[in-house]
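# Inside the fold
Listed below are the residues making up each chain.
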Amino acid sequence: MLDYVPDKRNVELKALKLYIWSYRNEGAFHEAVTNRILDDLVSALKPRFIRLTARWYVRGGLFTTVVAEHRKKGWAPLPHVNW
């Protein structure tokens with residue numbers, strides 16, 4: 001799952017899907033791949049905020065969830081408003 005607040009750039013969903021699929025057969029640790037994807041997205045998009053939640057399903061019925069996020073210096077979300 002990808003949550004982000006763009007700044008001046010945006011990403012096209014098909015390009016994002018193809019990029020993430022390129023890691024499908026990558027032989028690396030889940031945490032390392034998650035961080036690499038986040039670093040690449042931050043470098044390309046320069047977002048105000050981005051959070052990548054990667055759910056890795058592996059053999060044996062085990063799965064791993066890795067969450068990595070980046071905030072642009074000085075950026076803070078608006079306060080939540082209850083209606």
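This text follows the structure it describes.
Here is a short report on the structure shown in this document. (Residues numbered from 1 in each chain as written. Predicted model: local features only at pLDDT ≥ 70, side-chain atom pairs only at ≥ 80, totals over all residues. Heavy atoms only, no water.)

### Section: the packing of aromatic side chains
In plain terms, the rule: Within 6.5 Å between ring centres, the rings of Phe, Tyr and Trp (the latter by its six-membered ring) count as paired, and their orientation is classed by plane angle as stacked under 30 degrees, edge-to-face over 60, tilted in between. Helix and strand assignments follow DSSP, with helices taken as H or I runs no shorter than four residues and strands as E runs no shorter than two, numbered in order from the N terminus.
Counted under the stated rule, the structure contains three aromatic pairs. Aromatic side chains F49 and W75 sit 5.4 Å apart centroid to centroid with 20 degrees between the ring planes, which places their arrangement in the stacked category. Placement of the pair is F49 in strand 2 (residues 49-57) and W75 in the segment after strand 3 (63-71), with a sequence separation of 26 residues.

### Topic: the layout of surface pockets
Applicable threshold: Here the term cavity refers to a set of points on a 1 Å grid, laid over the protein atoms alone, in which a 1.4 Å probe fits but cannot get out; the term pocket refers to an open set having protein on both sides within 12 Å along at least five of seven lines, with lining residues being those that place an atom within 4 Å of a point. Grid points are joined across faces, edges and corners, and a volume is the space filled by probe spheres set on the points. Amino acid classes used here: Ala, Val, Leu, Ile, Met, Phe, Trp, Tyr, Cys and Pro are nonpolar; Asp, Glu, Lys and Arg are charged; the rest, including Gly, are polar.
As a volume, the largest pocket reaches approximately 430 Å³. Every residue lining the largest pocket is counted, 17 residues in all, and those nearest its centre are I20, Y23, R24, R55 and W56. When its residues are assigned to classes, the lining of the largest pocket shows twelve nonpolar, two polar and three charged.

### A look at the nonpolar core
Put simply, the rule is: The definition of a nonpolar core used throughout is a set of buried Ala, Val, Leu, Ile, Met, Phe, Trp, Tyr and Cys residues joined through side-chain atoms within 4.5 Å. Classification of residues uses two cut-offs on accessible area relative to the type maximum, computed with a 1.4 Å probe and protein chains only: under 20% is buried, over 50% is exposed, and between them is partly exposed.
In this structure, V33, I37, L38, L41, I50 and W56 are the most contacted members of the largest nonpolar core, which totals 14 residues. At the level of secondary structure, the elements contributing two or more residues to this core comprise helix 2 (30-45), strand 2 and strand 3. Considering each element in turn, this core owes the most residues, six residues, to helix 2.

### Regarding the pairing of strand 2
To keep it simple, the criterion reads: DSSP calls a pair of strands paired once it identifies at least 2 bridges connecting them.
With four bridges connecting them, strand 1 (residues 2-5) and strand 2 associate as antiparallel partners. If you follow Y4 over to strand 2, its bridge partner there is I50. Both strand 2 and strand 3 contribute to a ladder of nine bridges, which runs antiparallel. If you follow I50 over to strand 3, its bridge partner there is H70. The turn linking strand 2 back onto strand 3 is made up of five residues, and G60 within it adopts a positive phi angle of 90 degrees.

### What to know about the sheet that holds strand 2
Our working rule: Lines are fitted to the C-alpha atoms to define the axes, a helix being fitted only along its stretch in contact, and any angle between axes, read from their N-to-C directions, falls within 0 to 180 degrees.
One open sheet accounts for three strands, arranged 1-2-3; its pairing is antiparallel. Each end of this open sheet is capped by a strand with a single partner; those strands are strand 1 and strand 3. Between one strand axis and the next, the sheet turns by 10 degrees as a mean value, whatever way the strands run.

Limitation: the analysis is restricted to geometry and does not speak to function.
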